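Below, each chain spelled out in residue letters.
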Amino acid sequence: LLGNAFRLDSGKPPEKVKQVKEAKAFFSEVEKLQRAMRQNNAAEAKARFASATNALDVYLNDVELPPTVDDVYSSKADTKVPSLCQGSFCV
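Bear in mind that the values here come from a model prediction, so they are computed numbers and not experimental data.

Caption draft 1: A nonpolar patch on the surface, seen in detail. A surface patch of nonpolar side chains, amounting to about 270 Å² of accessible area, comprises L65, V72 and Y73. Within the secondary structure layout, Y73 lies in the loop between α2 (42–62) and β1 (85–86). Relative accessible area serves as the criterion here: at 43%, Y73 is assigned to the partly exposed category.

Written out as structure tokens, the structure is:
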């Protein structure tokens, strides 16, 4: 979905958007990583992990997010849900 948000022309199919192609490339690498892990092939899994991380970094760059090595990903996430209210109506 995030990759599709970068579509500049509504007539352009999502499959032609650069960010969608990059997301699919990342998903493909993750599937290969999972296959290597199921086969207990540590060397292949290590190589596929590096390849998947590289594909993810390419995607993150093009959707204007920091790379996987950024400190923002190593800090604890805020899991509190804020109360959204407008007048007396709250969600």
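Following the structure, the description resumes.
Caption draft 2: Expanded view of the environment of F26. Mapped onto the secondary structure, F26 falls in helix α1 (residues 18–38). Under the relative-accessibility criterion, F26 is labelled buried at 18%. Sequence separation of F26 and N54 is 28 residues, and the distance between their C-alpha atoms is 8.4 Å. The contacts of F26, once residues within four sequence positions are left out, are A52, A55 and L56.

Caption draft 3: Geometry of the packing of aromatic side chains. Scanning all chains against the criterion turns up one aromatic pair. With a centroid separation of 5.8 Å and an interplanar angle of 50°, the aromatic rings of F26 and F27 are classed as tilted.

Caption draft 4: Structural context of the pattern of salt bridges. Considering all chains together, one arrives at four salt bridges under this definition. Where E29 meets R48, a salt bridge forms, and the shortest distance between an N and an O atom there is 3.5 Å. Placement of E29 in helix α1 and of R48 in helix α2 is noted, with a sequence separation of 19 residues between them. We classify E29 as buried; its relative accessible area is 12%. One network of salt bridges, in which partners are shared, links E29, K32, E44 and R48.

Conventions we followed
Once a new chain begins, its residue numbering starts again from 1 and follows that chain's sequence as written. Two thresholds apply to this predicted model, a pLDDT of at least 70 for residue-level local features and 80 or more for giving and counting side-chain atom pairs, whereas whole-chain, interface and lining totals are computed over all residues. The side-chain figures draw on all heavy atoms in the structure; neither hydrogens nor water molecules are used. Note that patches include only residues with greater than 30% relative accessible area and no salt bridge, and the join distances are 9 Å for like charges and 5 Å for nonpolar side chains (Val, Leu, Ile, Met, Phe, Trp, Tyr). Each accessible area value is a Shrake-Rupley result obtained with a 1.4 Å probe; residue values ignore everything except the protein chains displayed when judging cover. Take a side-chain nitrogen of Lys or Arg and a carboxyl oxygen of Asp or Glu: if they are within 4 Å of each other, that pair is a salt bridge. Numbering of helices and strands starts at the N terminus; helices are DSSP runs of H or I of at least 4 residues and strands are runs of E of at least 2. Under the scheme applied here, a residue whose accessible area is under 20% of the maximum for its type counts as buried, over 50% as exposed, and between as partly exposed, the area being computed with a 1.4 Å probe on protein chains only. In this analysis, two residues are considered to be in contact whenever any of their non-hydrogen atoms come within 4.5 Å of each other. Only Phe, Tyr and Trp rings are paired, with Trp represented by its six-membered ring, and only when their centres lie within 6.5 Å; those with planes under 30 degrees apart are stacked, over 60 edge-to-face, the remainder tilted.

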